[in-house]
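One-letter residues, chain by chain:
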Amino acid sequence: MAELLRFMLDAAEGIEMYLSDVEKKDFLGETAQGRMRREAVVYNLGVLGEVANDICQHYPETVRRHPDIPFSRIYAMRNHIFHGYHSINYDVVWTTCKADLPDVTRSLRALVDKVEGAKGT
């Protein structure tokens, strides 16, 4: 499970890296840079959601013990993005990534540290 959590953390940190020091207008802008940034963020949201679903399916006790990580909501967003790719609302993506993702990243980091620390004992 540590590897799955690490994948989630890497994807979340990737999103934060792509959006650091970026203004919303630049993320939403119709420039090559804006488009690449949106595609990178959406890709990482897909990874985040797919792995969240794997954890839901194979480690339900972890999901129950960590309600601060909304595994099923993360997967639902992934589904919306990848099955409704023609209607992605990048304004919602921006808001979710800026408002909600930092808390999820902190929780994932703490859980990864805990799980990886337990492996070493």
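The notes below deal with the structure included here. Not measured: the values here are computed from a predicted model.

When two helices pack together, you describe them by how their axes are tilted relative to each other and by the distance separating the axes. The N-to-C vectors of helix α3 (residues 32-58) and helix α5 (residues 71-83) enclose an angle of 135°; their axes lie 8 Å apart at closest approach. In terms of their interaxial angle, α3 and α5 are classed as oblique. Note that α3 runs across α5; the crossing there is left-handed. Two secondary-structure elements touch here, α3 through Val-42, Leu-45, Gly-46, Leu-48, Gly-49, Glu-50, Ala-52, Asn-53, Ile-55 and Cys-56 and α5 through Phe-71, Ser-72, Ile-74, Tyr-75, Met-77, Arg-78, Ile-81 and Phe-82.

Now for the pattern of salt bridges. Tallying each qualifying case throughout the model produces 10 salt bridges. A salt bridge links Asp-91 to Lys-24; the nearest nitrogen and oxygen atoms lie 2.4 Å apart. One end of the pair, Asp-91, is in helix α6 (residues 90-119); the other, Lys-24, is in helix α2 (residues 24-28), with 67 residues separating them in the sequence. When its relative accessible area of 33% is taken as the criterion, Asp-91 is described as partly exposed. The exposure class of Lys-24 is partly exposed, given its relative accessible area of 32%. Where Asp-103 meets Arg-106, a salt bridge forms, and the shortest distance between an N and an O atom there is 2.3 Å. Placement of both Asp-103 and Arg-106 in helix α6 is noted, with a separation of three residues, approximately one turn of the helix. Each of Arg-6, Asp-10 and Glu-116 takes part in a single network of salt bridges with overlapping partners.

The subject of this paragraph is the packing of aromatic side chains. Tallied over the entire structure, the rule returns two aromatic pairs. Seen from their ring centres, Phe-27 and Tyr-90 are 6.4 Å apart, and the 75° between their planes marks the pair as edge-to-face. Of this pair, Phe-27 sits in helix α2 while Tyr-90 sits in helix α6, placing them 63 residues apart in sequence. Here the aromatic cluster, defined as three or more aromatic residues joined through ring pairs, consists of Phe-27, Tyr-90 and Trp-94.

Residue position: His-58 is located in helix α3. Once the C-alpha coordinates of His-58 and Met-1 are considered, the two residues, 57 residues apart in sequence, prove to be 8.8 Å apart.

Before going further, it helps to examine α6. Since there are 3.6 residues in each turn of an α-helix, residues three or four apart along the chain are aligned in direction. Of all the bends in α6, the greatest, near 50°, is centred on Leu-101, and the proline Pro-102 appears no more than four residues after it. Elements that come into contact with the buried residues of α6 comprise α1 (2-19), α2, α3, α4 (60-65) and α5. The opening residue of α6, the one whose side-chain oxygen lies 3.0 Å from the backbone nitrogen of Asp-91, is Asn-89.

Rules behind the numbers
- Residues numbered from 1 in each chain as written.
- Predicted model: local features only at pLDDT ≥ 70, side-chain atom pairs only at ≥ 80, totals over all residues.
- Heavy atoms only, no water.
- Axes fitted to C-alpha atoms, helices over the stretch in contact; angles between N-to-C directions.
- Helix = DSSP H or I, 4+ residues; strand = E, 2+ residues; numbered from the N terminus.
- Parallel < 35°, antiparallel > 145°, perpendicular 65-115°, else oblique.
- Left-handed = near helix turned anticlockwise from the far one by under 90°.
- Contact = heavy atoms within 4.5 Å.
- Salt bridge = Lys/Arg side-chain N within 4 Å of Asp/Glu carboxyl O.
- Buried < 20%, exposed > 50% of the residue type's maximum accessible area, 1.4 Å probe, protein only.
- Phe/Tyr/Trp six-rings, centres within 6.5 Å; stacked < 30°, edge-to-face > 60°.
- Bend = angle between axes of the 7 residues up to and from the residue.
- Polar contact = N/O pair within 3.5 Å; in protein donor to acceptor, adjacent residues only side chain to side chain.

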